[in-house]
Amino acid sequence: MNCSATDASRETEVFTLLVVVGRWPNDELPADATGAELLCYATGCDEAEAVRETVNVLRAAELRPLDVTGYGSLAEREADGEVGEEERGLIERCRRENAVIVAELTPTYGDGSPQ
C-alpha cells in the first residue's frame, strides 16, 4: 500500500485496531461462539485507510466485521508508553510486509463478552 501523490508528504504507518466480528458461514470460529474480537495491525497512509484494508481482508477471509476501534499509530501509542517489545516486533513485521496482521483472536460467547 503506497500513499498517493497527494499524500506524498505522509509515510505509510502501522495502526492498531480492535475488530469485532459476528458469525458467518465458514468462519471457523468455535461452534458455540457468537463472534470474536481480533487485535490487528494494519498499514495505511491514515487510520481510515488501515480500517478499510482490514475490513476488506477480513471479509475475504469469510469473517463479518461489525465494529472497528482504532488505537492509533505506533508513534501515538509510544507517546502513551503502551508498546512492548513483542508488539513492536509485530508492528515492524506489518510495516515490512505492508500487510494486515491478526495478532490475537478472542472468541465471544452469549452476551458478547470474551472468555
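Residues numbered from 1 in each chain as written. Predicted model: local features only at pLDDT ≥ 70, side-chain atom pairs only at ≥ 80, totals over all residues. Heavy atoms only, no water.

Some points on the overall build of the protein chain
Point 1. Along its length, the protein chain carries 3 helices and 5 strands.
Point 2. Its helices and strands in sequence order give the protein chain the pattern β-β-α-β-α-α-β-β, from N to C terminus.
Point 3. Out of the 115 residues in the protein chain, the part that is buried amounts to 37%.
Point 4. Here the protein chain has roughly 6600 Å² of accessible surface; of this, 47% comes from carbon and sulfur atoms. (Helix = DSSP H or I, 4+ residues; strand = E, 2+ residues; numbered from the N terminus. Buried < 20%, exposed > 50% of the residue type's maximum accessible area, 1.4 Å probe, protein only. Areas by Shrake-Rupley, 256 points an atom, 1.4 Å probe, with all protein chains shown as cover.)

Some thoughts on the pattern of salt bridges
Point 1. Summed over all chains, the structure comprises 6 salt bridges.
Point 2. Notably, a salt bridge pairs Glu78 with Arg88, separated by 2.4 Å at the nearest N-O pair. In this pair, Glu78 is assigned in helix 2 (residues 74–79) and Arg88 in helix 3 (residues 85–97), connecting sequence segments 10 residues apart.
Point 3. Residue Glu78 is classed as partly exposed on the basis of its relative accessible area, which comes to 38%. (Salt bridge = Lys/Arg side-chain N within 4 Å of Asp/Glu carboxyl O.)

Looking at helix 1 (residues 47–60)
Point 1. In a regular helix each residue adds 1.5 Å, so 14 residues correspond to 20 Å; helix 1 covers 20 Å between its end C-alpha atoms and thus fits that length.
Point 2. Inspection of helix 1 places Glu49, Ala50, Thr54, Val55 and Leu58 among the buried residues, and these make up the whole buried set.
Point 3. On its buried side, helix 1 packs onto strand 1 (13–22), strand 2 (35–44), strand 3 (64–73) and strand 4 (100–109).
Point 4. Two or three places before Ala48, at the start of helix 1, stands the capping residue Asp46, its side-chain oxygen 3.3 Å from that residue's backbone nitrogen.
Point 5. Glu62 lies just past helix 1 and shows a positive phi near 65°. (Expected span 1.5 Å × (residues − 1). Contact = heavy atoms within 4.5 Å. Polar contact = N/O pair within 3.5 Å; in protein donor to acceptor, adjacent residues only side chain to side chain.)

Observations regarding helix 3
Point 1. Look at helix 3: 18 Å from first C-alpha to last across 13 residues, which is about the 18 Å you get at 1.5 Å a residue.
Point 2. By the burial criterion, the buried members of helix 3 are Glu87, Ile91 and Cys94. Viewed along the axis of helix 3, the buried residues span an arc of 55°, placing them on a single side of the element. Among the exposed residues of helix 3, those oriented more than 90 degrees off its buried face are Glu85, Glu86 and Arg96.
Point 3. On its buried face, helix 3 is in contact with strand 1, strand 2, helix 2 and strand 4.
Point 4. Residue Asn98 follows helix 3 closely and has a positive phi angle near 50°. (Arc of directions from axis to C-beta.)

Section: the side chain of Ser73
Point 1. Checked against the element boundaries, Ser73 lands in strand 3.
Point 2. Not counting residues up to four positions away in its chain, the partners in contact with Ser73 are Glu13, Val14 and Phe15.

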